[in-house]
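# Close look at the chain arrangement
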Amino acid sequence: MADTETTRTIIGVIGNVISFFLFLSPLPTFVKIYKARSVQEFKPDPYVATILNCCMWVFYGLPFVHPDSILVVTINGIGLVIEIFNVSVFLAFSDWPKRWKIIIALLVELVFLAVVIFITMTFLHTTKSRSMLIGILCIVFNIIMYTSPLTVMRMVIKTKSVKFMPFYLSLANFLNGSIWLVYALLKFDPYITIPNGLGALSGAVQLILYATYYKSTRWDDGPSPASEVQLSSKDNPPNLV
């Protein structure tokens, strides 16, 4: 048992490192926004959604909800700070109509989170029941967030081009999903296993598509900025545990 716990801890630390760099992967987007002093065509929606996702996973990993999950708390706590910074950049460089939409979305998330915490702590009195409720919600949110890579993959198949599906980001997503999948299986946790199993599968499909369409990609073609924003998976935050 001790060896399993040690191995799980090591795997979790590796997962934290990989996830940390994935959280930082949209950094070039925010450099562009800062230099332009404008959000241009970039969308805040994925980053706003990731704030709620991180909050849910932090709550899930707390000892009174799901014991022995401190490494889930650490990486999602770090991710939460990064995403709050990202959304703050959007607030700083957006016009007021866009700012109000972001603020309203954040308020809705805050109310939703408060309701979930209230229900969990008031009506559910065991870690098993609390883990089940929060775990199911986390799975649902993660599955919803997987729709953005699916859009990119569909475009890759349609255009037979992987120009806007970066190889290293796809590889990192595959490794991230795989490492957290192993972490979850060492001390079976279905609520971490399911989303990261899907994440590993999504990353694997992206790598297969990259290998399939690499030769047919026209690297010198220059699409419009709007197309680049639409296609680039760098504009979407990673799906993490």
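## Let's talk about the overall build of the protein
- From N to C terminus, the protein includes 10 helices and 0 strands.
- When the helices and strands of the protein are read in sequence order from the N terminus, they spell out α-α-α-α-α-α-α-α-α-α.
- On the protein, roughly 12600 Å² of surface is accessible, and the fraction owed to carbon and sulfur atoms is 73%.

## Notes on the environment of Ile-14
- Following the sequence through the fold, Ile-14 ends up in helix α1 (residues 2-23).
- For Ile-14 and Ile-179, which are 165 residues apart along the polypeptide, the C-alpha to C-alpha distance reads 7.6 Å.

## Here we look at the nonpolar core
- Membership of the largest hydrophobic core comes to 38 residues, with the highest contact counts inside it found for Met-56, Phe-90 and Ile-134.
- Among the secondary structure elements, those contributing two or more residues to this core are α1, α2 (27-36), α3 (45-61), α4 (70-93), α5 (96-123), α6 (127-145), α8 (167-186) and α9 (190-213).
- In terms of residue count, α3 provides more of this core than any other element does, 10 residues in total.
- Non-local contacts of Ile-134, meaning those with residues more than four positions away in its chain, are made with Met-56, Phe-59, Tyr-60, Val-65, Val-116 and Thr-120.
- Residues Val-152, Val-156, Val-162 and Tyr-213 belong to the second largest nonpolar core, which totals 8 residues.

## Some points on the pattern of salt bridges
- All told, the structure shown has 2 salt bridges when counted by the stated rule.
- The shortest N-O distance in the salt bridge between Glu-5 and Lys-187 comes to 3.7 Å. One end of the pair, Glu-5, is in helix α1; the other, Lys-187, is in the loop between α8 and α9, with 182 residues separating them in the sequence.
- Its relative accessible area of 33% is what places Lys-187 among the partly exposed residues.
- Close ionic contact of Asp-68 with Lys-187 constitutes a salt bridge, the shortest N to O distance being 2.7 Å. Here Asp-68 is found in the loop between α3 and α4, whereas its partner Lys-187 is found in the loop between α8 and α9, with 119 residues between them in sequence.
- Each of Glu-5, Asp-68 and Lys-187 takes part in salt bridges that share partners, so that together they form one network.

## As for unusual backbone geometry
- Phi is positive for Arg-37, which is not a glycine, with a value near 55°.
- The phi angle at Asp-68 is positive, at roughly 60°, despite the residue not being glycine.

## Observations concerning the confidence of the model for the protein
- Averaged over every residue, the pLDDT of the protein is 87; the share at 70 or more is 89%.
- Helix α10 (residues 225-231) is the least confidently modelled element of the protein, averaging 41 in pLDDT, while α5 averages 96, the highest of any element.
- Confidence over residues 224-236 falls short of pLDDT 50; this stretch has 28 contacts with residues more than four positions distant or in other chains.

## Focus on the packing of aromatic side chains
- One pass over the full model with this rule turns up 15 aromatic pairs.
- When the centroid spacing of 5.1 Å and the interplanar angle of 50° are considered together, the rings of Phe-167 and Tyr-210 count as tilted. Residue Phe-167 is located in helix α8, and its partner Tyr-210 is located in helix α9; the two are separated by 43 residues in the primary sequence.
- Here Tyr-210 falls in the buried class, since its relative accessible area comes to 14%.

## Things to note about the environment of Gly-203
- Examined against the element boundaries, Gly-203 turns out to sit in helix α9.
- Residue classification places Gly-203 among the buried residues on the basis of a relative accessible area of 0%.
- Separated by 27 residues in sequence, Gly-203 and Asn-176 place their C-alpha atoms 8.9 Å apart.
- In this structure, Gly-203 is in contact with Ser-170 and Phe-174, ignoring residues within four places of it in sequence.

Rules of the game
Residues numbered from 1 in each chain as written. Predicted model: local features only at pLDDT ≥ 70, side-chain atom pairs only at ≥ 80, totals over all residues. Heavy atoms only, no water. Helix = DSSP H or I, 4+ residues; strand = E, 2+ residues; numbered from the N terminus. Areas by Shrake-Rupley, 256 points an atom, 1.4 Å probe, with all protein chains shown as cover. Core = buried A, V, L, I, M, F, W, Y, C linked by side-chain atoms within 4.5 Å. Buried < 20%, exposed > 50% of the residue type's maximum accessible area, 1.4 Å probe, protein only. Contact = heavy atoms within 4.5 Å. Salt bridge = Lys/Arg side-chain N within 4 Å of Asp/Glu carboxyl O. pLDDT = per-residue confidence, 0-100. Phe/Tyr/Trp six-rings, centres within 6.5 Å; stacked < 30°, edge-to-face > 60°.

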